[in-house]
Amino acid sequence: MQINLDNPFILRRLKFIQLEAIHESQRDQTTTFAMRVISNFSTIGLNGSSSKILRINRNISEAAYDQLKKVKTMQDWIDKVTNEHPMPLKESWKVFQSLGNDLTTEYIWKHFVKYPMNTILKTENQKLDKLGYRDNGLPKTRYKEANINIFLLNDTPERFWYTQRIKND
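Only a predicted model underlies this, so the values are computations on that prediction, with no experimental measurement involved. (Residues numbered from 1 in each chain as written. Predicted model: local features only at pLDDT ≥ 70, side-chain atom pairs only at ≥ 80, totals over all residues. Heavy atoms only, no water.)

Caption draft 1: A look at the pattern of salt bridges. Across all of its chains, the model carries seven salt bridges by this definition. The partner of Arg 55 in a salt bridge is Glu 158, and the shortest N-O contact between them spans 2.6 Å. Here Arg 55, found in helix H3 (residues 50–56), pairs with Glu 158, found in helix H10 (residues 157–168); they are 103 residues apart in sequence, far enough to count as distant. Residue Glu 84 is joined to Arg 142 by a salt bridge in which the shortest nitrogen-to-oxygen separation is 2.7 Å. Of this pair, Glu 84 sits in strand S2 (residues 81–84) while Arg 142 sits in helix H9 (residues 139–145), placing them 58 residues apart in sequence. Here the two residues Glu 84 and Arg 142 agree in accessibility, since each one is buried. (Salt bridge = Lys/Arg side-chain N within 4 Å of Asp/Glu carboxyl O. Helix = DSSP H or I, 4+ residues; strand = E, 2+ residues; numbered from the N terminus. Buried < 20%, exposed > 50% of the residue type's maximum accessible area, 1.4 Å probe, protein only.)

If you want it as structure tokens, here you go:
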């Protein structure tokens, strides 16, 4: 996702995360929410509710895609899936802090672009939890051990679902 880093809304949040990572040892709720907003923008180009992100996010697990093809309503699908950070925010925070004064807003942005949020089944998320990867671990390790395969859907899940519905009616 390309975005102009001169966008004041994005830049203020990136600078906030940068300063907090440099000067604070603990990540608080304000920092967490700022990281979530940046994650939303880097994934879908805007901020929104969990439901909105699920409808738009094209980074999807194969299992979530299989469910999308089967459900009768979008709400049925939304009830079965969740947004998941492949690089948990706790791990991202550690990376940011490790860079100290070398941390830049551009680095933070590129980090979230590199690790966009994924839509996975809630059962896949539970599997991550059972494996001890609730809020830690690296993306490749976490997903490999949980047998989660992510791909980029050609369209948004919502448009895909409506297109399939029209074809099948």
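Caption draft 2: Summary view of unusual backbone geometry. A positive phi is found at Asn 147, a non-glycine position, where the angle reads about 55°. Tracing the backbone through its elements, the reader meets Asn 147 in the loop between H9 and strand S4 (150–152). Classification of Asn 147 by relative accessible area gives exposed; the value is 54%.

Caption draft 3: Focus on the environment of Leu 138. Relative to the helices and strands, Leu 138 is located in the loop between helix H8 (122–130) and H9. In this structure the C-alpha to C-alpha distance between Leu 138 and Met 87, which are 51 residues apart in sequence, comes to 5.9 Å. Contacts of Leu 138, omitting those with residues within four sequence positions, involve Pro 86 and Met 87. (Contact = heavy atoms within 4.5 Å.)

Caption draft 4: Spotlight on the side chain of Thr 119. With respect to the element layout, Thr 119 can be found in strand S3 (residues 118–121). Within the structure, the side chain of Thr 119 is placed 3.4 Å from the side chain of Asn 57, a separation counted as a polar contact. In contact with Thr 119, not counting residues within four places along its chain, are Leu 54, Asn 57, Asn 59, Ile 60, Ser 61, Ala 64, Trp 77, Val 81, Thr 82 and Asn 83. (Polar contact = N/O pair within 3.5 Å; in protein donor to acceptor, adjacent residues only side chain to side chain.)

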